[in-house]
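Structural features, examined
Here are the chains, one letter per residue:
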Amino acid sequence: MILVTGATGNIGSALLGELHACGAGPLRGLTRDAARASFPEGVEVSEADFGDVASLEPALDGVRSLFLVSRMGPDADVLDAARQADVEHVVLVSSITVRTHPHLGPARENLAVERLLKDSGMAWTILRPTQFASNALWWAASIRRHQTVRVPYADTGLPTIHPADIAAVARVALTEPGHQGRTYALTGPRRVTARQQVGAIAAALGRDVPCVEIGRDEAHRHMSAFLGAEAADAVLDVTGGDVNDELLRVRDTVSQVTGSPARSFQQWVAEHVTHFRGSFGHAMASSTELPPTTGTPSGGAAG
Ligand SMILES: NC(=O)c1ccc[n+]([C@@H]2O[C@H](COP(=O)([O-])OP(=O)(O)OC[C@H]3O[C@@H](n4cnc5c(N)ncnc54)[C@H](OP(=O)(O)O)[C@@H]3O)[C@@H](O)[C@H]2O)c1
């Protein structure tokens, strides 16, 4: 049994699709709300919350391989529950910032999870992705409502990765030999700036979407409301304020592990353009205005 956590998320949903398509399994997807989850046919749904260790016991029953997204709950408890359930192999999503910005709080947390996993006695594979293409979803409400995007560091190019490529690497690590005890730094195929990302979204929409550069202070004020001041600073550092050669480096790990080239940002946009559609004043009722920069609501970009 393979248990995919974060199964309704960017990576987890793509991973369940990949595992299902290649006939791996049996498969189980973990969500906090089974009623909202829509998994491929034959995939077991397990309702559990990382914050409620008792709920993890049935979720982990019979599981031999675990896909774990970090920092969604008390990782030490989750790893402990996995070890007690006799899980043999854990594929962990950590972050490139463990390597590029080890002094930042979220990176320190990820390093601590990596160490716990390595010391757990279970076999491990660690994925350290760079910032996700899906972070652009944070601009969706702004594009729908105001038809514009306001970003700091608009012309800093980062090797943004399509979450489906992280899923593809995870699928290989979970189903093929030779990936235990390995740590993979994962990036997209080329660097892309925020301005270029907005341009790609505008091209897919077939209309102009102005990209307005704002200062760090303004971005920080806005992001702090969602993330808190420290996490906002961390996200701003890793998305332009404090970049370094390691963060900028394009790596070919995705193609080395999967045999397929890493997907472009344009491909991600083509697959998700509906999120950005809608006319001024007619934003989707469920949309939430999120910080005009990169990251997930969990602050993953600074991870
Ligand atoms: N975004 C970035 O640029 C970036 C960069 C590097 C690393 N990362 C890392 O990538 C991971 C995030 O991956 P993603 O984008 O695929 O995630 P995502 O789309 O934000 O989805 C997170 C999933 O976690 C589940 N979840 C949240 N809290 C939970 C809890 N308490 N118990 C159980 N499940 C919970 C949610 O499922 P339900 O709502 O269905 O329960 C959700 O589907 C994180 O580990 C982050 O640190 C992100």
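Scope of this entry: the structure provided in the associated data block. (Residues numbered from 1 in each chain as written. Predicted model: local features only at pLDDT ≥ 70, side-chain atom pairs only at ≥ 80, totals over all residues. Heavy atoms only, no water.)

1. Section: the packing of aromatic side chains
Worth spelling out the cut-off: The rule is short: rings of Phe, Tyr and Trp, with Trp giving its six-membered ring, pair when the centres are within 6.5 Å, and they are stacked under 30 degrees, edge-to-face over 60, tilted in between. Buried, partly exposed and exposed residues are distinguished by accessible area as a fraction of the type maximum, computed with a 1.4 Å probe on protein chains only: under 20%, between the cut-offs, and over 50%, respectively. Consider the ring centre and the ring normal. A charge sits over the ring if Lys NZ or Arg CZ is within 6 Å of that centre and within 35 degrees of that normal.
Following the criterion strictly, the structure yields two aromatic pairs and no others. Taking the centre distance of 6.2 Å and the plane angle of 75° together, the rings of W268 and F276 count as edge-to-face. Each member of the pair, W268 as well as F276, is classed as buried. Looking at K118, its charged tip hangs above the ring of W124, at a distance of 4.8 Å from the centre.

2. Things to note about the environment of D33
Heads up, the condition is: Where helices and strands are cited, they refer to DSSP runs of H or I of at least four residues and of E of at least two residues respectively, numbered from the N terminus.
Along the chain, D33 falls in the loop between β2 (27–31) and β3 (44–47). When its relative accessible area of 26% is taken as the criterion, D33 is described as partly exposed. The sequence separation of D33 and F50 amounts to 17 residues, and the corresponding C-alpha distance is 13 Å.

3. Observations regarding the site of the ligand
As a reminder of what qualifies: Each residue is tested against the molecule or strand, and it is near if at least one of its non-hydrogen atoms lies within 4 Å. Counting of polar contacts relies on pairs of N or O atoms within 3.5 Å, with two restrictions inside protein: one atom must be capable of donating a hydrogen and the other of accepting it, and residues adjacent in sequence are counted only when both atoms are side-chain atoms. Each accessible area value is a Shrake-Rupley result obtained with a 1.4 Å probe; residue values ignore everything except the protein chains displayed when judging cover. Gly is placed with the polar residues, together with every amino acid not listed as nonpolar (Ala, Val, Leu, Ile, Met, Phe, Trp, Tyr, Cys and Pro) or charged (Asp, Glu, Lys and Arg).
Taken together, 26 residues lie near the ligand, and T8, I11, T31, R32 and N135 sit nearest. Between the ligand and T31 there is a distance of 2.6 Å, counted from an oxygen atom to a side-chain nitrogen or oxygen. Between F50 and the ligand, the recorded distance is 2.9 Å, taken from a backbone N or O atom to a nitrogen atom. When the ligand sits alone it has 930 Å² of accessible area, and the protein chains cover 91% of it. Secondary-structure elements contributing two or more residues to the shell around the ligand are α1 (10–21) and β2. The residue inventory of the shell around the ligand, partitioned by class, reads nine nonpolar, 13 polar and four charged.

4. Remarks on the sheet that holds strand β8 (residues 182–186)
Applicable threshold: For two strands to be treated as a pair, DSSP must find at least two bridges joining them. Note on geometry: axes are C-alpha line fits, over the in-contact stretch for helices, and angles between N-to-C directions span 0 to 180 degrees. We call two residues contacting when some pair of their heavy atoms lies within 4.5 Å.
The strand order across the open sheet built from seven strands is β3-β2-β1-β4-β5-β6-β8, with neighbouring strands paired in parallel fashion. Edge strands, defined here as strands with exactly one partner in the open sheet, are β3 and β8. The mean inter-strand angle of the sheet, taken between neighbouring strand axes irrespective of direction, is 20°. One ladder, built from four bridges, connects β2 with β3; its direction is parallel. Bridge pairing in β3 links T31 to E47. On top of the sheet, helix α5 (residues 105–118) reaches β5 (89–93), β6 (123–129) and β8; it is set at about 160° to β6, its chief contact. Helix-sheet contacts for helix α7 (residues 163–175) involve β1 (2–4), β4 (65–69), β5, β6 and β8, and the interaxial angle to β6 is about 170°.

5. Some points on the side chain of S120
Along the chain, the position of S120 falls in the loop between α5 and β6. Among the residues examined, S120 registers a relative accessible area of 15% and is labelled buried. A distance of 2.6 Å separates a polar atom in the side chain of S120 from the backbone oxygen of L117. A distance of 3.1 Å separates a polar atom in the side chain of S120 from the backbone nitrogen of M122.

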